[in-house]
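# Structural overview for review
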Amino acid sequence: MPSKELTFYVNGQKVVEPNAQPEMTLLEYLRNKLGLTGTKLGCGEGGCGACTVMVSQYDNDSAQPIHRSINACLAPVCSVDGLHVITVEGIGSTKGGKRKGEGGLHPVQEKIANFHGSQCGFCTPGIVMALYTHLRKNPSPTMHSLEEAFDGNLCRCTGYRPILDAAKTFATDVKVSGDKTHKDAPAKAGSKGKSAGKHAFWESGPLAGFDGVEVSSCTQSKIANAHAGESKKGEEKREEIAFPKELETYTPKSLEIKGERTTWYRPLSLEEMVKIVASNPKSKIVVGNTEVGIEARFKFSNYPVLVSPLNVPELNVIKHNAAADAIEIGAAVSLTTIREYMQDLVKGKKLKDSYSYGSLVAVLDQLRWFSSTQIRNVGCVGGNLVTASPISDLCPVFLATNSTLTFAKAAAGSGKISYRKLPVSKFFLNYRKVDLQEGEVMVSVSLPLTKKTEHIRAFKQARRREDDIAIVTSCLRVELLSAEESLRAAEEKAKEEHTKLEQSRAKAADSNSASASSSSSPIVKDVSLGFGGMWKTPVRARKTEEFLRGKAWNESTIKLAVEMLGKDFPLDKSTPGGMPEFRKTLCASFLFKFFVHSTQQQAARAQKAGGGGEAKLLQLPKSYDSSVKQFQRPVSHGRQTFQVNPDSAHIKGIGQPLAHRSAHIQVAGEAEYIDDLPPKHRMLFSALVLSTIPHGDIVRVDAKGALAMPGVCGYFGAEDIKGVNEVGHWGDEELFASKTVHCVGQLIGIVVAETQRQAVEAAQHVAVEYKQKPAVLSIKDAIKAKSWLGEQEGYLLSRGDAPKAMASAEMTVEGEMRIGGQEHFYLETQCSEAIPGENGEMTILASTQNPNTTIECVAHNLGVPVHKVVCKVKRMGGGFGGKETRSVNYSAAAAVAAEKLGRPVRIVLDRNVDMATSGQRHAFIGKYKVGFTKDGKLTALDVRLYSNAGWCQDLSIPVMHRGLFHVDNVYYIPHIRAHGFACKTNMPSHTAFRGFGGPQGLMVAEAAIDHVARALNIPGEVLREKNLYKEGQTTHFGQVLTHCTVGRAWRECKARSQYERRVKEARQFNQENRWRKRGVALVPTKFGIAFTAKFMNQGGALVHIYTDGSVLVTHGGTEMGQGLHTKMIQVAAGALGVPIEYVHIAETATDKVPNTSPTAASMSSDINGMAVFLACSKIAERLKPLRDSMAEGTTWKELIHKAYFERINLSAQGFYKVPDVGYDFKTRTGPGFSYFSYGVACAEVEVDVLTGDHQVLSSHIVMDVGNSLNPAIDIGQIEGAFTQGMGLFTLEEMIWGDSDHKWLRPGTLMTQGPGAYKIPSFNDVPLEFNISLLKNAPNPKAIHSSKAIGEPPLFLAASVFYAIKDALAQARGDAGSCEEGKGGGGGGGVENGPFPLDSPATAERIRMACPDHLTKALGIPASIRPMGSW
């Protein structure tokens, strides 16, 4: 009899579950059943890695457990029967242990914390477990393998470099001698710091600076020091959790787990399996659950029967079938097992013939970039085939290699197993439809080995290399006749063609081919070209194959074959997925790459066989080698250079590179976020009812279907709001739409239920009927309709007379720069908890940057005074501006439901809902005209900025203001006119995002600069340097620049990056490589620091000192990973003269510090730091008489103890307002900012001209942070901001249903979740990533002479964008695609004219900016400008 219960272990503890629900995931079980909340839900689709755990299974063959990382959000709990699951809580804890070798943090956790690898901490447990599993599986890891260990994990905060540094300390191939000249020690001895007297700092002011010493720390030195430290400790190796003895002898049993809606079967034989499938025709076979799990979660699919084949021997074997000359792969064999098996064959050269490995290498090439380690560990080849994804990576390989499938089913009547074989080429019938007969089970796929005369190669291009689905994927195979056979076949072909006397193009090609063949070009005997991403199924290019057979394998033939590819794949603008020209170009590029590869391989084989003459005839130009160069990523490294305060006694902790104060609990999974909190008594869970059209009137809302569902407790909409149905400050946004919806994803109501799953499913059953209205879906539409938010005449900043100066300018250029939007992608989605109290009170626990607006809006909605509502924020799992205002809506929705029912309500958005409803960074279009002299002095700039604001104001007007403030960047231009319009569109209201409009304005400025440089044919850095602002000059909004350090930062960055050398070497590389190009760019930034709304530039704090001397600080800022609390602790410790361990910050709460400004605009350290300092100073002043009366050597605790008995007030409130800020757009007067932050970055990139792929070779950043409060945190902010900026400018693309994307439903967001929307990954870190904090640059306008850091560095990533553009200029020059005029730009020197490149510079835009013979053959215009959602 099948077993009815599950038995497994979690962190060494046995779990027996008699009532398992098959649709429940392991993540749900761990969090909700076992209370192990360290493992996080980040996306629910296996794309972010926050849910990573390790599972171990005993392998009888090797007599040891096998460890693998998996995504707990996808793995069904039923799938871990007989396994040992280890979570982040199981490997270490901050709580310590009693026995030797037990307790405390694991070395993995310690390293990540101590190396500053955890900021918000939400992604950290998953990253910890990915590294931990890699080390358990690979006891001798290399630095390279460690860099690849995180391919399934994302982090939005750190920029990845510190995590990689921490991981590399475990590498076994490290030369621990290290880089002795760059150890973590002062670069120069001695200090000019003043000697601190008895209480010297207590008399120092908050703006006092210090003379620091420079420290330089690099990856190699960190690793060497870590190894030296471990060697010095000499401690015994930590004992890991032992694999349970019981599981070593575990014998799997058949399972039949019946849940409320689903039954889970686990058969032990093929016979048992086919009987189950025959009895349950609607059953789904589940191995990794990577498809079914996502369908169940996001499409609400319900599968009554799930069958796991993981214990069916025939489906789990992989072997070499010598008789068939093929590799037989069981349908349930994991992709990791396939990869390891084939790597072993290839590396060990275990096959008889050296040429046999081609198909194996093709599979390995695809598996290298196939999803992630976690997915490959559970995903199987059968699932990849049966799902029939049009963009499958492996299906084209099976198509090209003529692989064969084997199926099994129970024969009618007898029940015996019958088998059927089918070529893969006949398996795919239509979109997601395959030739799988009822009752059939796929058993295996047979992959033929490569023949001696065959060549095979696989290709893939995606938006991002790591863990991304393909845009186009392919596998190409050709069988070529030998030289002698080719010549004979060519002669026969030529005779045949001459007798026919055909004049067609095909005849000309054949004659040409035959002619070429007489010069020893091989002849194509057979060919198969498999593609994904070009049709509704994986497909072969049949017309092109037919054309190629019998032709000479040479460039002339390939050119004509490219034309045939265009006929095979006639994509157009209406084709689902878009990018028709790019996708066709990729097919052509892959064919060209394959031609070069196979020709080189054929020449090598001829050479080896002694055919030197033939090999010589097959040679292609040396510069073509770059077309087949595969992506190689060396181990990355970096250096951080900064100043530290040499005398920590002088200012306790100020200026020291201290670790984030929550880092250690974050790496242990002990840091709590909203959804980690134990549910309150009678707590309910909720889901939103959202608009499904972009614009229309609500005719009817019917919640009856939802209310009738199990566990549902209520539905609430506009009619249920007691107070005012309004959120925000402008009166133009309803909490719940009452009459009209203005975008897809607008809130209509909220459903509450006993469980999250019940609420989400019930929300789908609320029926809403609409009467649709016309929608404005893009900036282009808005301009045409004159649809604006705010002032209808727009917003204007000006200096001088730009039109007049333009008219008299020696030269002018004009153009348009388009900048796409960007998703915040904080790892913790929007979430909140509303807890009703007595007498109308409501407590909100929220993941928000804006507690004050939260309580104001909730009180407004509930119809109570603000003093009845309290908001508390412990921490956020990232924010980046996305939780400044948009978080309020979700808290308010939960509060309305909680008030109605008198029960706590929690709301946690799924990732797709968050992305579709909460708004993103504003897309911008900037139209510019520049006047300048022939020697490169800028004289006039006329700019019009248009932003896609969405349907209501939110923060769009101040975002536009900041964009206008920054259109000058760092350049003095005498005459400027900048006009801005916030476009009202039927999209979710776009909102604050790191930089707040500044990066968009800066990008338009740099686009104009680049245009001018190319028009003048001078290097871009020459033009930039010639026009840099100087001390005392005035901005276009009338602010005088003081302490302007941009010139010094420019010179230092240029020197540190060795810019001239890089440019010279890049140019040399470009001369030698036709199809790969390098580019270099040097880009500066100036970023204004202040809220542009004057009233917001204020902060408050409350400080308590308790009788034991401990200090509790509360301030108005919130912690989202940026280290604000850590800095505030340092400020308090410094002000009171106590160790930082004495100071604690518990949370941010509106009943402690009222009327707070949002944690935004990079101002939080400035305003809250000063408030904390002032509060501490008050207490210090009260203590001064007592302190002076006590003996020298009196301890702090003794002082405080005495003060209590002397009845001295040990509590104080601090308040600070920033002076001299507040620009008035109506009068155009007043200082826009308190001060400016400056920085400069140099980037070098390498671009694959044929595919648009790129790699950042190096990034050097010099940033002015004043006197850093904490260099480690500031450097972390620089790296994180820069990486986020790389995403903005090169990778992350929002795709909406608009006029350019008519294949999407109007107003819908296609790029929802990590599967479709790609942020930078570990693989995108610059190979060399160096950060230097500008020395001796104190800022007199902020706490301890520091500067804001959160937003200013982000724009420096534009250096990567312009380095890419520099590389493209080189490629365009090679292709002869130069447009009118000639210019340099970037490093300068190579002739080329101006050309547009919109942001982000995706692979599509990069490739299509390089027109060549391939695009010409496809009939694609050289002037093509890829579409986007602006």
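Because the structure is a prediction, the values reported are computed rather than measured. (Residues numbered from 1 in each chain as written. Predicted model: local features only at pLDDT ≥ 70, side-chain atom pairs only at ≥ 80, totals over all residues. Heavy atoms only, no water.)

### Brief notes about the overall build of the protein chain
Definition in use: Helix and strand assignments follow DSSP, with helices taken as H or I runs no shorter than four residues and strands as E runs no shorter than two, numbered in order from the N terminus. As a reference, a globule follows 2.2 Å times the number of residues to the power 0.38, and the radius of gyration itself is taken over C-alpha atoms. Only protein chains enter the accessibility calculation, which uses a 1.4 Å probe; a residue whose area is less than 20% of its type maximum is buried, one above 50% is exposed, and one in between is partly exposed.
Tallying secondary structure elements over the protein chain gives 41 helices and 47 strands in all. Relative to its length of 1430 residues, the protein chain is compact, with a C-alpha radius of gyration of 32 Å against a globular reference of 35 Å. C-alpha extents for the protein chain along the principal axes are approximately 110 × 85 × 75 Å. Taken across its 1430 residues, the protein chain has 64% of its residues classed as buried.

### Examining the packing of aromatic side chains
Note the threshold: Two aromatic rings, drawn from Phe, Tyr or Trp (for Trp, its six-membered ring), form a pair once their centres lie within 6.5 Å of each other, and the interplanar angle then sorts them: stacked below 30 degrees, edge-to-face above 60, tilted otherwise. Lysine NZ or arginine CZ positioned within 6 Å of the ring centre and within 35 degrees of the ring normal marks a charge as sitting over the ring.
Taken as a whole and assessed by the stated rule, the structure comprises 32 aromatic pairs. Ring centres 5.3 Å apart and planes at 80 degrees place the aromatic pair Y1204 and F1205 in the edge-to-face group. A residue is classified by how much of its surface remains accessible, and F1205, at 57% relative accessible area, is exposed. For the ring pair Y1223 and F1225, a centre distance of 5.2 Å and an interplane angle of 85 degrees mean the geometry is edge-to-face. No difference in accessibility class separates Y1223 from F1225, as the two residues are buried. Members of the aromatic cluster, connected to one another through ring pairs, are Y795, F965, F1037, Y1223, F1225, F1233 and F1236. Sitting over the ring of Y1362, R1024 keeps its end group 5.7 Å from the ring centre.

### Description of empty space enclosed by the protein
Counted only if it meets this: A cavity here means a set of 1 Å grid points, computed over protein atoms only, where a 1.4 Å probe fits but cannot escape. A pocket is an open set with protein on both sides within 12 Å along at least 5 of 7 lines, and lining residues have an atom within 4 Å of a point. Grid points are joined across faces, edges and corners, and a volume is the space filled by probe spheres set on the points.
Applying the stated criterion across every chain yields a total of 12 cavities of 30 Å³ or more. Empty space within the largest cavity amounts to approximately 280 Å³. Looking at the lining of the largest cavity, the elements with two or more residues in it are strand 18 (454-462), strand 46 (1254-1263), helix 38 (1271-1291) and helix 40 (1403-1408). For the second largest cavity, the calculated volume is near 150 Å³.

### Some words on the confidence of the model for the protein chain
Any region with low pLDDT has predicted coordinates that should not be read closely. Heads up, the condition is: The pLDDT value expresses, per residue, how confident the predictor is, ranging between 0 and 100. Here, two residues are considered to be in contact whenever any of their heavy atoms come within 4.5 Å of each other.
Averaged over all residues, the pLDDT of the protein chain equals 91, while 91% of them reach at least 70. For the stretch residues 178-210, pLDDT sits under 50, and the model shows 76 contacts to residues farther than four places along the chain or on other chains. In the model, residues 504-518 has pLDDT below 50 throughout and makes 24 contacts with residues more than four positions away in sequence or in other chains.

### Remarks on the sheet that holds strand 9 (residues 284-285)
Selection criterion: Only when DSSP finds a minimum of two bridges between them are two strands counted as paired.
With mixed pairing, 4 strands are arranged side by side in an open sheet as 7-8-10-9. For this open sheet the edge positions go to strand 7 (255-258) and strand 9, each flanked by a neighbour on one side alone. As judged from the 2 bridges shared by strand 9 and strand 10 (residues 305-307), these two strands associate in the parallel manner. Bridge pairing in strand 10 places I285 opposite V307.

### Quick look at helix 3 (residues 107-114)
Buried within helix 3 are the following residues: V108, Q109, K111, I112 and A113. The positive-phi residue at the C-terminal boundary of helix 3 is H116, with phi of around 65 degrees.

### A short note on the pattern of salt bridges
Heads up, the condition is: The salt bridge criterion pairs a side-chain nitrogen of Lys or Arg with a carboxyl oxygen of Asp or Glu, the two atoms within 4 Å.
A full pass over the atoms with the stated rule returns 82 salt bridges. For R465, the salt bridge identified is with D1253, shortest N-O distance 3.0 Å. Linking R465 in the loop between strand 18 and strand 19 (470-480) with D1253 in the loop between strand 45 (1235-1248) and strand 46, this pair joins segments that are 788 residues apart in sequence. D697 is the salt-bridge partner of K773, the closest N and O atoms lying 3.1 Å from each other. With K773 in the loop between strand 28 (767-772) and helix 25 (779-785) and D697 in strand 24 (residues 696-702), this pair connects stretches of sequence that are 76 residues apart. Under the relative-accessibility criterion, K773 is labelled partly exposed at 33%.

### Description of the sheet that holds strand 25 (residues 712-717)
Keep this limit in mind: Every angle, taken between N-to-C directions, lies between 0 and 180 degrees, and every axis is a line fitted to C-alpha atoms, over only the stretch in contact when it is a helix.
On the basis of which strands lie adjacent, the open sheet formed by 8 strands has the order 25-27-23-35-32-33-34-43 and mixed pairing. Of all the strands in the sheet, the pair left with one neighbour each is strand 25 and strand 43 (1148-1149). Alignment of strand 23 (residues 684-690) against strand 27 (residues 747-753), held across 6 bridges, turns out to be antiparallel. If you follow L690 over to strand 27, its bridge partner there is L747. Relative to strand 34 (residues 869-873), helix 27 (residues 851-862) is tilted by about 145 degrees, and along the sheet it contacts strand 33 (842-846), strand 34 and strand 43.

### What to know about the packing of helix 3 against helix 4 (residues 124-137)
Filter applied, for reference: Orientation labels follow simple angle bins: below 35 degrees gives roughly parallel, above 145 gives roughly antiparallel, 65 to 115 gives roughly perpendicular, and whatever is left gives oblique. Crossing handedness follows the turn of the near helix against the far one: under a right angle anticlockwise gives a left-handed crossing, and clockwise gives a right-handed one. Classification used: nonpolar for Ala, Val, Leu, Ile, Met, Phe, Trp, Tyr, Cys and Pro, charged for Asp, Glu, Lys and Arg, polar for all others including Gly.
Following both chains from N to C, one finds helix 3 and helix 4 inclined at 130 degrees, their axes separated by 9 Å at the closest point. With respect to helix 4, the element helix 3 is oriented oblique. The two elements helix 3 and helix 4 cross, and the hand of that crossing is right-handed. The residues of helix 4 that touch helix 3, namely those facing V108, Q109 and I112, are T124, I127, V128, L131, Y132 and L135. Here the contact of helix 3 with helix 4 is composed, by residue class, of 7 nonpolar, 2 polar and no charged.

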